[in-house]
Amino acid sequence: MLTITITSLSGGQGKTTSSLFLGRLLSRQGYPTLMVDADPQHNLTTYLGFELEPKEPTLLEFIKKTVETEDCIYPTTYNDNLFLIPSDDQLDTVQDYLSNSGVGATLLKRRLEPIEEVFKVCIIDAPPQRSQICLAVIGAADVLLIPAEASVKGYGSLVRTLDLLNGLKDVGATNAEVLGVLPFRDRWFGKTQAQESRAAVEGMRDEVTEELVLPSIRESERYKQAINKRTTLSELGYIELEYPFEILTEKISKLIGSN
């Protein structure tokens, strides 16, 4: 199982949007895909149309291992290849548990090991701030996808995320490598890219090399439309907007094939 953590240390960088569209596309291509909502705001759970009943197990119970692993994994209504470990507001309470465990940065990775043969891909939607949960989801990753808004704020978020990754690698808490940086809300006026977007994307290339900067997600209401209708962009007829995720799935397919 290839574990991909989608992370960026600011809100509004496109983490959940990227998780959602990437998971749907990979599952549609035939890969058994597990989505993990590791953000206490639980937007991914909501976007997937999942409504938790009282006392149903979530990522909180999965991490604490208070129920059987399979009881925390739910099928989605999208297709037979897409599954979810959901979260809710209570996930915030796991912070102290992770901190006191002594192995917080590697605990989620251990919890995922029993299901490595069940799924081809695991996509983890990370919280937008440096926290014990954030450390755990980076520790669980084989690779990181870093969405970053094509703006000054997005560039700063990328720099902080890379610093955190390098710090965790220095102490042996993760071996994750950067799969790619995904510019988000790249603003264009016709055929002309906005100056701030252009400068931000150029800065991203300087930080991680040009080959790691993926095609941009352009600013468009079509993404929200697809989220609200719980479908993909291509199914709505906007195939060109799915191009960044097609490039991503090509890279991921190669990694899966090499494992």
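Reading the values: rules and limits
Residues numbered from 1 in each chain as written. Predicted model: local features only at pLDDT ≥ 70, side-chain atom pairs only at ≥ 80, totals over all residues. Heavy atoms only, no water. Helix = DSSP H or I, 4+ residues; strand = E, 2+ residues; numbered from the N terminus. Buried < 20%, exposed > 50% of the residue type's maximum accessible area, 1.4 Å probe, protein only. Contact = heavy atoms within 4.5 Å. Areas by Shrake-Rupley, 256 points an atom, 1.4 Å probe, with all protein chains shown as cover. Patch = residues over 30% accessible without salt bridge, like charges linked within 9 Å, V, L, I, M, F, W, Y side chains within 5 Å. Salt bridge = Lys/Arg side-chain N within 4 Å of Asp/Glu carboxyl O. Lys, Arg positive; Asp, Glu negative; His and termini not counted. Charge placed at Lys NZ, Arg CZ, Asp CG, Glu CD. 1 Å grid on protein atoms, 1.4 Å probe; cavity = no way out; pocket = protein on both sides within 12 Å on 5 of 7 lines; lining within 4 Å. Points joined across faces, edges and corners; volume = space filled by probe spheres on them. Nonpolar A, V, L, I, M, F, W, Y, C, P; charged D, E, K, R; others polar.

**Comments concerning the overall build of the chain**
The helix and strand inventory of the chain stands at 10 helices and 10 strands. In terms of principal-axis extent, the alpha carbons of the chain reach across some 55 × 40 × 35 Å. Expressed as a percentage of its 259 residues, the buried residues of the chain come to 54%. The long-range fraction of contacts in the chain, counting pairs at least 24 apart against all pairs at least 6 apart in sequence, stands at 77%. With an accessible surface of roughly 11,900 Å², the chain has 46% of that area assigned to carbon and sulfur atoms.

**Let's talk about a negative patch on the surface**
Taken together, the side chains of Glu113, Glu116, Glu117 and Asp142 make up a negatively charged region of the molecular surface. Residue classification places Asp142 among the partly exposed residues on the basis of a relative accessible area of 31%.

**So, unusual backbone geometry**
Note: most residues except glycine have negative phi, and most peptide bonds are trans. Positive phi, normally seen in glycine, also occurs at Lys55, with a value near 70°. Tracing the chain through its elements places Lys55 in the loop between helix H2 (43-47) and helix H3 (59-64).

**Topic: the layout of surface pockets**
Unoccupied space between atoms shows up once a probe the size of one water molecule is rolled over them. Estimates place the volume of the largest pocket at around 480 Å³. Along the walls of the largest pocket sit 23 residues, with Gly14, Thr17, Tyr47, Phe184 and Arg185 positioned nearest its centre. Mapped by element, the contributors of at least two residues to the lining of the largest pocket are helix H1 (15-28), H2, strand E7 (177-186), strand E10 (217-218) and helix H9 (222-229). A total of 4 residues in the lining of the largest pocket trace back to one element, the largest contributor, which is H9. The class makeup of the residues in the lining of the largest pocket is 6 nonpolar, 10 polar and 7 charged. The calculated volume of the second largest pocket comes to roughly 150 Å³. Taken together, 10 residues make up the lining of the second largest pocket; nearest its centre are Met1, Glu116, Phe119, Lys120 and Ile256. The residue makeup of the lining of the second largest pocket, split by class, is 6 nonpolar, 1 polar and 3 charged.

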